[in-house]
Amino acid sequence: DAGVTQSPTHLIKTRGQQVTLRCSPKSGHDTVSWYQQALGQGPQFIFQYYEEEERQRGNFPDRFSGHQFPNYSSELNVNALLLGDSALYLCASSLWSNEQFFGPGTRLTVL
Amino acid sequence: EDQVTQSPEALRLQEGESSSLNCSYTVSGLRGLFWYRQDPGKGPEFLFTLYSAGEEKEKERLKATLTKKESFLHITAPKPEDSATYLCAVRRSYNTDKLIFGTGTRLQVFP
């Protein structure tokens, strides 16, 4: 049974560019949440998708947007990248409101 | 404001030396306290969920307990492979699945 998968593993971008990160949930899960983890910090909630709609959002600007597809996979888009957006981006999947299982993350570096 | 505080920030143990990690929380209507293990550069790995004061869960050398204000992760006779960062997270009462994380305890176990 495949767990949560994310792509790409690593990404390097320059300031002002746009980036798209992808996530495939664990088999049988229907809900995807995205988190940002800065070095030495705990993950910070960005938003959650369920039934292809954004269900809840954390304290992140509109530059952060997302999408969920009919097969429950999800994308996180970040526009106008800033140096401070450099972090590990984590996707977590769950079945409705049960435990969240995390993927390996995408390491984004903004130069 | 919802808050999670973990202590100590870092812990060095000799192999076989038992100890405890602390997670204190302030949240409106706790709907689950979660423990995760995170290895460097990887996504958090789910360990336990605790829902009510007095509840205990065990897995190999780990035991998690919960009171109304804090949770403890007890590590009995740790091995070097237990070295990791242990994250605690809480989920508030209904209408949100957002996990609020602490900054973690970095555990190093030496042979």
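As a reminder, the structure under discussion sits directly above these lines.
Residues numbered from 1 in each chain as written. Chains lettered and ligands numbered in written order. Predicted model: local features only at pLDDT ≥ 70, side-chain atom pairs only at ≥ 80, totals over all residues. Heavy atoms only, no water.

Looking now at the overall build of chain A. The secondary structure content of chain A amounts to zero helices and eleven strands. Tracing chain A from N to C terminus, the helices and strands come up as β-β-β-β-β-β-β-β-β-β-β. Its C-alpha atoms give chain A a radius of gyration of 13 Å, near enough to 13 Å, the size a compact globule of 111 residues would have. Structurally, chain A occupies a C-alpha span of about 40 × 25 × 25 Å along its principal axes. Of all 111 residues assigned to chain A, the portion counted as buried reaches 50%. (Helix = DSSP H or I, 4+ residues; strand = E, 2+ residues; numbered from the N terminus. Rg over C-alpha atoms; globule rule 2.2 N^0.38 Å. Buried < 20%, exposed > 50% of the residue type's maximum accessible area, 1.4 Å probe, protein only.)

Take the nonpolar core next. One finds B:Leu33, B:Trp35, B:Leu73 and B:Tyr86 to be the most contacted residues of the largest nonpolar core, which totals 24 residues. When contributions to this core are tallied by element, the ones reaching two or more residues are β2 (10-14), β3 (19-26), β4 (33-38), β5 (45-50), β7 (62-66), β8 (70-75), β9 (84-91) and β11 (105-110) of chain B. If you tally residues by element for this core, the top one is β9(B), at four residues. Contact partners of B:Tyr86, with chain neighbours within four places excluded, come to B:Gln6, B:Leu21, B:Trp35, B:Tyr36, B:Arg37, B:Leu47, B:Leu62, B:Leu73, B:Gly104, B:Thr105 and B:Leu107. Counting residues in hydrophobic clusters, the runner-up holds 20 residues, among them A:Tyr49, A:Phe60, A:Tyr89 and A:Cys91. (Core = buried A, V, L, I, M, F, W, Y, C linked by side-chain atoms within 4.5 Å. Contact = heavy atoms within 4.5 Å.)

Here the focus is the state of the cysteines. Residue and element names in this part refer to chain B. Summed over all chains, the structure comprises two disulfides over all chains. The partner cysteine of Cys23 in its disulfide is Cys88, sulfur to sulfur 1.9 Å. With the S-S bond torsion at -60 degrees, the cross-link from Cys23 to Cys88 turns out left-handed. Here the residue Cys23 occupies a position in strand β3, and Cys88 occupies one in strand β9, the gap between them amounting to 65 residues. Each member of the pair, Cys23 as well as Cys88, carries the same accessibility label: buried. (Disulfide = S-S within 2.5 Å.)

With 21 residues of chain A at the contact, the number on the chain B side is 21 residues. Run the count over chain A and chain B and you get one salt bridge. Across the salt bridge formed by B:Asp97 and A:Arg55, the nearest N and O atoms sit 2.8 Å from each other. Linking chain A with chain B are nine residue pairs in polar contact (both at pLDDT 80 or more), by the criterion used here. Grouping the amino acids of the side of chain A that touches chain B by side-chain chemistry returns nine nonpolar, ten polar and two charged. (Salt bridge = Lys/Arg side-chain N within 4 Å of Asp/Glu carboxyl O. Polar contact = N/O pair within 3.5 Å; in protein donor to acceptor, adjacent residues only side chain to side chain. Nonpolar A, V, L, I, M, F, W, Y, C, P; charged D, E, K, R; others polar.)

Before going further, it helps to examine the sheet that holds β3(B). All names here are of chain B. Taking strand neighbours across the sheet as the criterion, the five strands line up as β1-β3-β8-β7-β6 in an open arrangement whose pairing is antiparallel. Either end of the sheet is taken by a strand with one partner, and the two such strands are β1 (3-7) and β6 (56-59). Averaged over all pairs of adjacent strands, the angle between strand axes in this sheet comes to 15 degrees, irrespective of strand direction. Pairing between β6 and β7: four bridges, direction antiparallel. Directly across from Glu56, in β7, lies its bridge partner Thr65. (Pairing = 2+ DSSP bridges. Axes fitted to C-alpha atoms, helices over the stretch in contact; angles between N-to-C directions.)

Turning next to unusual backbone geometry. Between A:Ser7 and the following residue, A:Pro8, the backbone shows a cis peptide bond with an omega angle of -5 degrees. By secondary structure assignment, the location of A:Pro8 is in the loop between β1 (5-7) and β2 (10-13). Along the chain, B:Ser7 connects to B:Pro8 via a cis peptide bond; the corresponding omega equals -10 degrees. Considering the arrangement of structural elements, one finds B:Pro8 in the loop between β1 and β2. Positive phi, normally seen in glycine, also occurs at A:Glu52, with a value near 65 degrees. Its location among the elements puts A:Glu52 in the loop between β5 (44-50) and β6 (53-57). Even without a glycine there, the phi angle at B:Ala77 is positive, about 45 degrees. Within the secondary structure, B:Ala77 is located in the loop between β8 and β9.

Interpretation note: all reported values are geometric properties and have no functional meaning in isolation.
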